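Here is what each chain is made of, one letter per residue.
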Protein chains: 2
Amino acid sequence: MLTYSFENIDTESMYEHLYRCIKQDILQKKLRAGEKLPSKRSFAKNLGVSTITVESAYAQLVAEGFLYTLPKRGYYVCDLEQETPAPPPRPQPPKSQGAAPERRVYWGDFVGSSVARDMFPFSVWVKLLRDVTASEDEATLLTDTSAGGIRQLRQAIADHLYQFRGMSIAPEQIVVGAGTEYLYGVLIQLLGRRRGYAVEDPGYQRLSKIYEKNDVTTFHIPMDQGGVIPDKLEESGAEILHITPSHHFPTGIVMPVSRRYELLSWASKGENRYIIEDDYDCEFRLAGRPIPTLQSIDVMEKVIYINTFSKSLAPAFRISYLVLPRHLVTRFYETLGFYSGTVSCLEQMTLARFLAQGYFEKHINRMRNHYRALRDRLLAALRQSPLAGKVKITGEQAGLHFLMALDTPRSDQEILQAAEGLDLRVSFVSQYYYDEARRQPHVLVMNYSGLEAGKVEQAVDRLCRAVLGPAPEGEATKATGGDAS
Amino acid sequence: MLTYSFENIDTESMYEHLYRCIKQDILQKKLRAGEKLPSKRSFAKNLGVSTITVESAYAQLVAEGFLYTLPKRGYYVCDLEQETPAPPPRPQPPKSQGAAPERRVYWGDFVGSSVARDMFPFSVWVKLLRDVTASEDEATLLTDTSAGGIRQLRQAIADHLYQFRGMSIAPEQIVVGAGTEYLYGVLIQLLGRRRGYAVEDPGYQRLSKIYEKNDVTTFHIPMDQGGVIPDKLEESGAEILHITPSHHFPTGIVMPVSRRYELLSWASKGENRYIIEDDYDCEFRLAGRPIPTLQSIDVMEKVIYINTFSKSLAPAFRISYLVLPRHLVTRFYETLGFYSGTVSCLEQMTLARFLAQGYFEKHINRMRNHYRALRDRLLAALRQSPLAGKVKITGEQAGLHFLMALDTPRSDQEILQAAEGLDLRVSFVSQYYYDEARRQPHVLVMNYSGLEAGKVEQAVDRLCRAVLGPAPEGEATKATGGDAS
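It should be emphasised that the depicted structure is a prediction, and the values quoted were computed from it without experimental measurement. (Residues numbered from 1 in each chain as written. Chains lettered and ligands numbered in written order. Predicted model: local features only at pLDDT ≥ 70, side-chain atom pairs only at ≥ 80, totals over all residues. Heavy atoms only, no water.)

1. As for the overall build of chain A
And then number 1: A count of helices and strands for chain A gives 16 helices and 16 strands.
And then number 2: The C-alpha atoms of chain A give a radius of gyration of 31 Å, which is well past the 23 Å a tight globule of 485 residues would have.
And then number 3: Counting only C-alpha atoms, chain A reaches 95 × 65 × 50 Å along its principal axes.
And then number 4: Buried residues in chain A amount to 57% of all 485 residues.
And then number 5: Within chain A, contacts between residues at least 6 apart in sequence are counted, and of these 70% link residues at least 24 apart.
And then number 6: For chain A, the computed accessible surface area is about 20700 Å², with 49% contributed by carbon and sulfur atoms.
And then number 7: Between the mean site of the 57 positive side-chain charges and the mean site of the 58 negative ones, chain A shows a separation of 3 Å. (Helix = DSSP H or I, 4+ residues; strand = E, 2+ residues; numbered from the N terminus. Rg over C-alpha atoms; globule rule 2.2 N^0.38 Å. Buried < 20%, exposed > 50% of the residue type's maximum accessible area, 1.4 Å probe, protein only. Contact = heavy atoms within 4.5 Å. Areas by Shrake-Rupley, 256 points an atom, 1.4 Å probe, with all protein chains shown as cover. Lys, Arg positive; Asp, Glu negative; His and termini not counted. Charge placed at Lys NZ, Arg CZ, Asp CG, Glu CD.)

Okay, structure coming up:
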């Protein structure tokens, strides 16, 4: 009879050991297809273990398909090779494959966003989370996965939009999701993948990429000083228009009211036409009142508003939301209401309290002051630099970047390369154009949100060197306070 | 000259008030297109306010497109009606539209999942979150949005899979996302929307729905006792196969090894063929060892493993993950690496510690004991009920549901209606078939994870009434301990 040793089996249980031994013998063909195994009782006696041990091992092997059982007759070895050749040994994957690429970290970064240390009130957040777990119904906290988001958060967002953006909407119109990129995908499922989607040219590159990855036909509509050009939009045949009217990226254009009405009029001319209003950084208008939203002047229910807390809280928070016109709310719940929400209920509850108890407003004010100081320091450094007479700055009042037109014979490519060599990340407006023929050269997009305050002067110094070429010995250095590196 | 009153302006600032007055006059055509506004200085003097106030109001109106400015000449009213008719008044949306539908809450639920109160260690979670904010680099906490998820969590998941599932994988192979439904969408973008996707019939209905909403061609492959039938799969022409080999929903089938090898062999025959192994409830095998994964016997890099913490922590946590073969890791970062992650960094860090410090294992053990007790209580109640001799129960060893075949002349539809009338939610295996001709009647899917322990006997009593029809006065009630309602 079949026999196995039970010595030195370490941490395994008896039955696990027996299971492994038999499985190995089947895989190595020491036990052949169709072979009958000993009865549980006699096998147990022979091995000096309990019947339960053998029974458990057999049951596991049956569950995994190594054994089969015939009623009242016993256990038999399965034929593992029905039509199936034994698989070849696992190939060693090439070493270069499959590693997540490291993102390069620059000494100074005028492109990416980051948030300064100490800018987020972690202790408040932890306190609110503890409050939530102490006072909310725990069953709700554990099981609420509504497609649109939890009630408390949607109410808090609606109140916030009313106070902060003058928008009068019902909480039911809000759909909460794990980031705007996720919500773009939801909108494609809601509005239809086969419709044409129009985006701004120049514009936010990730947006076109996301539409492309979702297999959506995308049209790049050229812009003039007021935003996308309505005639070009009409010509394109697109049905969905995705725009950033409050603060266009990268040009900083605020869409004038007349253009807004023109685009609303365009939308009203087709049943399936909609405008997606991307209000990504409205919280960071650094002077004057916030620009009213397109949504708030839309009387035809054609505007879908989208905004995110990733920009206003911190990038690592993945909470964004849509405001849908009412008829699309109905369609959303009919066609996509079966989806589970994508943001943890705990985090939604915590954010709801963060908003309702005034912490969000405080946080935004603090961030706005921080960014304003950062911008002013950067502008001051630029004024005192050798670039002073050679640049024209625009769009410095709104949100986290401005444009700087350079009076230089050097090409954008040359400057990019020089900056790269100085470990400085910069970008030009020209890089955001889809239509190469329309690219405007020599305009830097100065995104300062990722810049450390203490590095501003040194960063300007490096920028001067990248734009103007290497300074005569010691000169640029003197002018801007020096660069230790 | 234009004049406005500054009395009773309440909480508005002076400039906001002036801005609103001028805007209103433009909208009401009291100020006409092309009309010149007073110079800042004279207007300020006339109104008795500072020049700054007028300047700020003008600047805001320019930003919003109500005024334009000509250098050295002054401010003029924009033409708001270029080609654009004034929009009609906002229509009152019909009252029935646009409300998020309330999900019906049943007295007893054998379909949905929920988690009992007190089952989740909130205090541990809050403590770990506080630890995270106190000890991690705050800048990382605020800004890490890597597409694949944060390093610490991926490491903790890889360790967990090694210990718990015997899977030997590198953390780089893991992609973290906000729920499996989101990750299905990622896989479609990674593998291609134009390929055919095969799912199990019967199977998890939401899955087909998700593929449908993503405009993917889906094939429903019939199953035999071992899982999807390879010949039918081959005939379908599908390239991607999505299965639940460890515990099929709803039949509970554990796929035998021979079928596993057959399907791996199928996958190896086409460059673009892949198997998605959905291991949705592997943590809740209530007897015996966990079933080894398909991923762990895949030597051709054809298996994509997917699992979720929504089932094992609690539904309201939206954290799931993929394990990609290495060549797909490379493709993921090349084509989709630009995406931001979808799970908040704070929550990822907290979960990483929850896993690494052994709390997850404790939690799972606790849940498993809870579910085992619930199942035993339910089985005991069924044995003592009038249904005792009329049902055959199968699949009660694995995860959170079992099947109960009924010996009854009543149709599934009749029983469903009767249960509905008793405020009891039940489902039949027949409801999970795509191919109507193959539907097996009279088999209830008994998902007990959403059942309150204290209601088990009463729920069985109601179930008896739904299956057998109303009991003779008082009889069924006596047998199972009574139902107060």
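2. Some words on the pairing of strand 13 (residues 401–406) of chain B
All names here are of chain B.
And then number 1: Here strand 13 lies mainly inside the structure; five of its six residues are buried.
And then number 2: As defined by bridge partners, strand 12 (residues 391–394) adjoins strand 13 across four bridges and the pair is classed as antiparallel. Among the inter-strand pairings, T394 is bridged to a residue of strand 13, identified as L403.
And then number 3: What sits between the antiparallel neighbours strand 12 and strand 13 is a turn of six residues, in which G395 has the positive phi angle 70 degrees.
And then number 4: As judged from the five bridges shared by strand 13 and strand 16 (residues 443–447), these two strands associate in the antiparallel manner. Residue pairing for strand 16: L403 is matched across the bridge by V445. (Pairing = 2+ DSSP bridges.)

3. Digging into the nonpolar core
And then number 1: Grouped together as the largest cluster of nonpolar side chains are 153 residues, with contacts concentrated most on A:L378 and B:L378.
And then number 2: With 60 residues, the next largest nonpolar core counts A:V186, B:Y197, B:Y211 and B:V216 among its residues. (Core = buried A, V, L, I, M, F, W, Y, C linked by side-chain atoms within 4.5 Å.)

4. Remarks on helix 6 (residues 151–165) of chain B
In an α-helix there are 3.6 residues to a turn, and that puts residues three or four apart on one side.
All names here are of chain B.
And then number 1: The terminal C-alpha atoms of helix 6, which comprises 15 residues, lie 20 Å apart, in line with the 21 Å expected from a rise of 1.5 Å per residue.
And then number 2: Residues of helix 6 that are buried include every one of L153, R154, A156, I157, A158, H160, L161 and R165, and no others.
And then number 3: Check the buried side of helix 6 and you find it contacts strand 4 (174–177), strand 10 (303–308), strand 11 (320–323), helix 11 (326–335), helix 12 (345–356) and helix 13 (359–383).
And then number 4: At the exit of helix 6 stands G166, carrying a positive phi of roughly 60 degrees. (Expected span 1.5 Å × (residues − 1).)

5. Notes on the interface of chain B and chain A
And then number 1: On the side of chain A, 107 residues touch chain B, which itself brings 107 residues to the contact.
And then number 2: A combined buried area of about 9200 Å² lies between chain B and chain A, and 59% of that area is made up of carbon and sulfur atoms.
And then number 3: Summed over the shared surface of chain B and chain A, the number is four salt bridges.
And then number 4: Between B:D215 and A:R193 there is a salt bridge whose closest N-O contact spans 2.6 Å.
And then number 5: Linking chain B with chain A are 20 residue pairs in polar contact (both at pLDDT 80 or more).
And then number 6: The residue makeup of the side of chain B that touches chain A, split by class, is 51 nonpolar, 26 polar and 30 charged. (Buried area = accessible area lost by both parts, 1.4 Å probe. Salt bridge = Lys/Arg side-chain N within 4 Å of Asp/Glu carboxyl O. Polar contact = N/O pair within 3.5 Å; in protein donor to acceptor, adjacent residues only side chain to side chain. Nonpolar A, V, L, I, M, F, W, Y, C, P; charged D, E, K, R; others polar.)

6. Description of the sheet that holds strand 11 (residues 320–323) of chain A
Residue and element names in this part refer to chain A.
And then number 1: Reading across the sheet, the eight strands line up as 4-11-10-9-8-5-6-7 and stay open at both edges, with mixed pairing between neighbours. What marks the edges here is a single partner per strand, and that holds for strand 4 (174–177) and strand 7 (227–228).
And then number 2: In this sheet, strand 11 lies alongside strand 10 (residues 303–308) in antiparallel orientation, the contact comprising four bridges. Bridge pairing in strand 11 links I306 to L322.
And then number 3: Along the sheet, helix 7 (residues 180–191) makes contact with strand 4, strand 5 (197–201), strand 8 (240–243), strand 9 (274–278), strand 10 and strand 11, crossing strand 10 at roughly 160 degrees. (Axes fitted to C-alpha atoms, helices over the stretch in contact; angles between N-to-C directions.)

7. A short note on the environment of B:G395
All names here are of chain B.
And then number 1: Locating G395 in the fold gives a position in the loop between strand 12 and strand 13.
And then number 2: Take G395: its relative accessible area is 34%, and that puts it in the partly exposed class.
And then number 3: Separated by 60 residues in the primary sequence, G395 and T335 place their C-alpha atoms 41 Å from one another.
And then number 4: When residues no more than four places from it in sequence are discounted, the contact partners of G395 are H401 and F402.

8. Here we look at the environment of B:Q397
All names here are of chain B.
And then number 1: Considering the arrangement of structural elements, one finds Q397 in the loop between strand 12 and strand 13.
And then number 2: A residue is classified by how much of its surface remains accessible, and Q397, at 36% relative accessible area, is partly exposed.
And then number 3: Each C-alpha atom, one on Q397 and one on R375, is 9.5 Å from the other, the two residues being 22 residues apart in sequence.
And then number 4: When sequence neighbours within four positions are dropped, the list of residues in contact with Q397 reads F284, R285, L286, A287 and R375.

9. Concerning the packing of helix 4 (residues 122–135) of chain A against helix 4 (residues 122–135) of chain B
Axes are the key here: two packed helices are described by the angle between their axes and the distance separating the axes.
And then number 1: In contact at an axis separation of 10 Å, helix 4 of chain A and helix 4 of chain B are set at 175 degrees when each is read in the N-to-C sense. By the angle between their axes, helix 4 of chain A is roughly antiparallel relative to helix 4 of chain B. On helix 4 of chain B, the residues touching A:F122, A:W125, A:V126, A:L129, A:R130 and A:T133 of helix 4 of chain A are B:F122, B:W125, B:V126, B:L129, B:R130 and B:T133.
And then number 2: Class assignment for the residues of the contact of helix 4 of chain A with helix 4 of chain B results in eight nonpolar, two polar and two charged. (Parallel < 35°, antiparallel > 145°, perpendicular 65-115°, else oblique.)

10. What about unusual backbone geometry?
And then number 1: Here the residue pair A:F249 and A:P250 is connected by a cis peptide bond, since its omega of 5 degrees sits within 30 degrees of zero.
And then number 2: One can find A:P250 in the loop between strand 8 and helix 10 (257–268).
And then number 3: A positive phi is found at A:D423, a non-glycine position, where the angle reads about 65 degrees.
And then number 4: Mapping A:D423 onto the fold places it in the loop between helix 14 (412–421) and strand 14 (424–425).
And then number 5: At B:H442, a position not held by glycine, the phi torsion is positive, near 70 degrees.
And then number 6: For B:H442, the position within the fold is in the loop between strand 15 (427–428) and strand 16.

11. With respect to the pattern of salt bridges
A side chain with one charge can pair with a side chain of the opposite charge if their charged atoms come near.
And then number 1: Per the stated rule, a full pass over the model turns up 34 salt bridges over all chains.
And then number 2: A:E234 is the salt-bridge partner of A:R273, the closest N and O atoms lying 2.9 Å from each other. Here A:E234 lies in helix 9 (residues 230–236) and A:R273 lies in the loop between helix 10 and strand 9, a separation of 39 residues in the sequence.
And then number 3: Each of the salt bridges in this network shares a partner with another, and the network as a whole consists of A:R193, A:R194 and B:D215.

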